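# Understanding the architecture of this molecule
One-letter residues, chain by chain:
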Amino acid sequence: MAPPPSYAVSPFVSLIVRVLTFICLIISLILLATATGTASTTYVEVQVRFKDFIAYRYLCAAVVIGLVYTAMQTGFTIFQITTGNRFGGDGLVFIDFYGDKAASYILGTGGAASIGMAVDLKDIGDALGISHFMSITNAAASLCLLAFVFTAVSSVFSSFALPKRA
C-alpha cells in the first residue's frame, strides 16, 4: 500500500502568510495606540483613549502577543528558507502547530471582543461625540481579525508538517 501523499507547503508561502499577519498586527497596534477622542457632555469634556476600555486593552494585549509570536515564527521561517532545515529540527513541529492554534485563538477573541463592545457602545459613542475614536478602534479590531484569519491559515499549513500516524 502506498504512503499517503504529502501536502507540505512551501516555506515561501508560509513566510508570505506570516509577513501579512505581521503587517496587519503592526498597523492594528499603531491605530489602537494613536486613537483618541474627546467625549463631551454638558458639564465636562473627557479625553478618551483605548486604555479606558477593557476590551481595547485586551485587544492591545492580543496584538502584542500576536506580534511577538509572529516575529519569532517569521524568523524561524526565514532560517528554514536560507538553510533548508527547520529550526530545532522536526521536534518543533508540534510547537509550530499548537503555537499557531493558540495565537489564532488569542487574536480571534481580541478582535471579536473589541468589535462586540464597539457595536454595543455605538449609540453612546455617537451621543458623546467619539464616533471617530470608535471607527479607528473598529479598524484596529478588524485588522486583528484579519490577522486571525492569516494565523489560522498558517495553522493549517503547519498541520501538514505533523508526522503522519496510521
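Procedures and definitions
- Residues numbered from 1 in each chain as written.
- Predicted model: local features only at pLDDT ≥ 70, side-chain atom pairs only at ≥ 80, totals over all residues.
- Heavy atoms only, no water.
- Helix = DSSP H or I, 4+ residues; strand = E, 2+ residues; numbered from the N terminus.
- Contact = heavy atoms within 4.5 Å.
- Buried < 20%, exposed > 50% of the residue type's maximum accessible area, 1.4 Å probe, protein only.
- Phe/Tyr/Trp six-rings, centres within 6.5 Å; stacked < 30°, edge-to-face > 60°.

## Focus on the environment of F53
- Within the element layout of this structure, F53 appears in the loop between β2 (45-49) and α2 (54-83).
- Sequence-wise, F53 and K101 are 48 residues apart; in three dimensions their C-alpha atoms are separated by 27 Å.
- The residues contacting F53, other than those within four sequence positions of it, are V48, M117, L121 and F133.

## Describing the side chain of S28
- With respect to the helices, strands and loops of the structure, S28 is situated in helix α1 (residues 11-34).
- S28 gets classed as buried once you look at its relative accessible area, which sits at 0%.
- The residues contacting S28, other than those within four sequence positions of it, are V63, A140, L143 and C144.

## Regarding the packing of aromatic side chains
- This model, assessed by the stated rule, comprises four aromatic pairs.
- Seen in terms of ring centroids, Y56 and F133 are 6.0 Å apart; in terms of plane orientation they differ by 85°. Their pairing is edge-to-face. With Y56 in helix α2 and F133 in helix α5 (residues 131-159), this pair connects stretches of sequence that are 77 residues apart.
- Residue classification places Y56 among the buried residues on the basis of a relative accessible area of 0%.
- On the basis of relative accessibility, which here comes to 1%, the residue F133 falls in the buried class.
- A centroid spacing of 5.0 Å and a plane angle of 65° characterise the contact between F97 and Y98, whose relative ring orientation is edge-to-face.
- For Y98, a relative accessible area of 52% translates into the label exposed.

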